[in-house]
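Reading the structure
Spelled out, the chains give:
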Amino acid sequence: MQYSHEVEQMVCVAKGPKHEPAPIPEEGKWVHAKQISDISGLTHGIGWCAPQQGACKLTLNVKEGIIQEALVETIGCSGMTHSAAMAGEILVGKTILEALNTDLVCDAINTAMRELFLQIVYGRSQTAFSEGGLPIGAGLEDLGKGLRSQVGTIYSTAAKGVRYLDLAEGCILQMGLDADGEVIGYKFLRVGQFLEELKKGGDPAELYKKYTAVYGRFEEAVQFIDPRHE
């Protein structure tokens, strides 16, 4: 290490008190974080690209500084889904510092990584006060039984009103309207579970019926519309 001439000529003054870093909550413990391996926690957050035309929700499960689990969900341009595929391979096994300084292909995913890094190293994770944190696989459970993102896709025009396309429950098959033409319920298909059973060789017609359900006062509707074709 090099010192300037001015520093070399200075009188040495002993350092008295040793101030520890402020403790942060991690998985039910208070930790004086001094290096990356001191960091653990599960959290999720949002990132966006520079032109703000797409977004990423990133979920990370970090154990002793290393990303053990990653869930990458994107919405925006079509290329983001392929970026998510690559980022999913890149992230796991890296320390959070490595991941912060790695090109995760899409600017929205990079931004999400930055935001999650700040949350985790400041002790603002979802598991800050959960003893032992959450097991690897907790991020996957966020997707539910059908292993599909909780997507809300709604389209509307001033001329023709609203169209429900996808909600947390699944793909919207029909919208139910009352006598005033207002939405009072809908019929939907649990796509993830439907496809899972279909792979096992189930009868498509029977499975379609099994995983179709209604929400709201759908059965009281006086008019039914297909949101994708009417």
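Description of the structure in this document. (Residues numbered from 1 in each chain as written. Predicted model: local features only at pLDDT ≥ 70, side-chain atom pairs only at ≥ 80, totals over all residues. Heavy atoms only, no water.)

Taken as a whole and assessed by the stated rule, the structure comprises six aromatic pairs. Between the aromatic rings of Trp30 and Phe129, the centroid separation amounts to 6.2 Å while the plane-to-plane angle is 70°, which identifies the pairing as edge-to-face. Here Trp30 is found in strand β2 (residues 29-31), whereas its partner Phe129 is found in the loop between α4 (107-121) and α5 (138-141), with 99 residues between them in sequence. Judged by centre distance (5.2 Å) and plane angle (25°), the rings of Tyr186 and Tyr215 are stacked. Of this pair, Tyr186 sits in strand β9 (residues 183-189) while Tyr215 is found in strand β10 (residues 212-216), placing the two residues 29 residues apart along the sequence. A relative accessible area of 6% places Tyr186 in the buried class. Assessed through its relative accessible area of 47%, Tyr215 is described here as partly exposed. An aromatic cluster of three or more residues is present, and its members are Tyr164, Tyr186, Phe188 and Tyr215. (Phe/Tyr/Trp six-rings, centres within 6.5 Å; stacked < 30°, edge-to-face > 60°. Helix = DSSP H or I, 4+ residues; strand = E, 2+ residues; numbered from the N terminus. Buried < 20%, exposed > 50% of the residue type's maximum accessible area, 1.4 Å probe, protein only.)

Let us look at helix α2 (residues 79-91). In this model α2 runs 18 Å from its N-terminal to its C-terminal C-alpha over 13 residues, within 8% of the 18 Å that 1.5 Å per residue would give. For α2, the complete set of buried residues consists of Met80, Ser83, Ala84, Ala87 and Leu91. Angular distribution of buried residues about the axis of α2 spans 105°; they occupy a single face of the element. More than 90 degrees from the buried face of α2, the exposed residues found are His82 and Glu89. In this structure, the buried residues of α2 make contact with β4 (55-63), β5 (66-75), α3 (96-100) and α4. (Expected span 1.5 Å × (residues − 1). Arc of directions from axis to C-beta. Contact = heavy atoms within 4.5 Å.)

With that out of the way, let us pick up the nonpolar core. Ranked by size, the top nonpolar core spans 24 residues in total, and within it Leu58, Leu60, Leu91, Ile96 and Met113 carry the most contacts. Residue assignment for this core shows that the elements contributing at least two residues are β4, β5, α2, α3 and α4. Residue contributions to this core peak at seven residues, all from α4. Ignoring any residue separated from it by four or fewer positions in sequence, one finds Leu58 in contact with Thr43, His44, Gly45, Leu71, Val72, Leu91, Ile109, Ala112, Met113 and Leu116. (Core = buried A, V, L, I, M, F, W, Y, C linked by side-chain atoms within 4.5 Å.)

Moving on to the pairing of strand β7 (residues 161-167). When strand β6 (residues 153-157) meets β7, the two strands line up antiparallel, connected through five bridges. In the sheet register, Ile154 faces β7, and the bridge partner there is Tyr164. Linking β6 to β7, which pair antiparallel, is a turn of three residues. Bridge count for β7 against strand β8 (residues 170-177) is two bridges, and the pairing is antiparallel. Each bridged residue has a counterpart across the sheet, and for Leu167 the counterpart in β8 is Gly170. As consecutive antiparallel partners, β7 and β8 are separated by two residues. (Pairing = 2+ DSSP bridges.)

Purely geometric numbers; function is a separate question.
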